[in-house]
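Chain by chain, the residues run as shown.
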Amino acid sequence: MDTPAVRSDATREGERAIVRDPLPTQGLLDFRVIELFFFAYREFTADADSILERYGFGRAHHRVLHFVNRDPGLTIAELLEILQITKQSLSRVLRQLIDEDFICQIPGDEDRRQRRLYPTKKGRALAVELSEAQVRRIDASLAKTTDEDMRPIASFLKAMASDRASARDWFERKDITWKDPE
């Protein structure tokens, strides 16, 4: 007896039902923005990833370098709150950045148990190199938009990112707005 080259979609006892139809781009769910995010994020991180690879670093190293450079003197507790990760997750990455002289850890002035994080010159240079790679991609994309287009883009991204108090606090402290300079 010949067996068919392609299995039937019919479910038999002990077999899984196989779905062959793709989810539609628009239907019960709208996948357009989701997939724009997937591909935009992939490209946004690709340039920095290739730089990080030269150091044996990953995206977690990049995030730590970014925030320590944006707010030198940040405490470990503050960094944990911003990144929304555990101490254990941060520990390995931070240890590597400290051991390789990208970040310096200094006891706090008021509370010596507190650890404040500062970039070294080497850490600042790497953070700038990573950001320059990402800014080039952002600038190239924004060159295709107008200032009027940017307001809703920025508003959308801020609304997407503002669920957590740590993000809202950061936006306020760092004046992350899209208003015209006075």
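Preceding this paragraph is the structure being described.
Because the structure is a prediction, the values reported are computed rather than measured.

A few points about the overall build of the protein chain
Across its full length, the protein chain holds seven helices and three strands. Overall size of the protein chain, expressed as C-alpha extent along the three principal axes, is 80 × 45 × 30 Å. Looking at the protein chain residue by residue over its 182 residues, the buried ones come to 25%. Sequence-distant contacts in the protein chain: of pairs separated by 6 or more residues, those separated by 24 or more amount to 55%. Distance between charge centres in the protein chain, computed from 30 positive and 32 negative side chains, equals 5 Å.

Regarding helix α4 (residues 87-99)
With 13 residues, α4 should cover 18 Å at 1.5 Å per step; its first-to-last C-alpha distance of 17 Å lies within 8% of that length. All buried positions along α4 are accounted for by L90, V93, L94, L97 and I98. Along its buried surface, α4 packs onto α2 (59-70), α3 (76-83), β2 (103-107) and β3 (115-119). Once α4 finishes, D101 follows within two positions and takes phi at roughly 65°, a positive value.

A short note on the nonpolar core
Membership of the largest hydrophobic core comes to 27 residues, with the highest contact counts inside it found for V64, L79, L97 and I103. Elements represented by at least two residues in this core include exactly α1 (32-55), α2, α3, α4, α5 (121-142) and α7 (165-173). Of the residues forming this core, the biggest block, five residues, is contributed by α4. Every residue in contact with L97, bar those within four places of it in the chain, is listed here: F57, H61, V64, L65, F102 and I103.

A closer look at the pairing of β3
Sheet topology note: the strand β1 (residues 74-75)/β3 ladder contains two bridges and is antiparallel. When the bridges of β3 are listed, T75 appears paired with R116.

Quick notes on the rules
Residues numbered from 1 in each chain as written. Predicted model: local features only at pLDDT ≥ 70, side-chain atom pairs only at ≥ 80, totals over all residues. Heavy atoms only, no water. Helix = DSSP H or I, 4+ residues; strand = E, 2+ residues; numbered from the N terminus. Buried < 20%, exposed > 50% of the residue type's maximum accessible area, 1.4 Å probe, protein only. Contact = heavy atoms within 4.5 Å. Lys, Arg positive; Asp, Glu negative; His and termini not counted. Charge placed at Lys NZ, Arg CZ, Asp CG, Glu CD. Expected span 1.5 Å × (residues − 1). Core = buried A, V, L, I, M, F, W, Y, C linked by side-chain atoms within 4.5 Å. Pairing = 2+ DSSP bridges.

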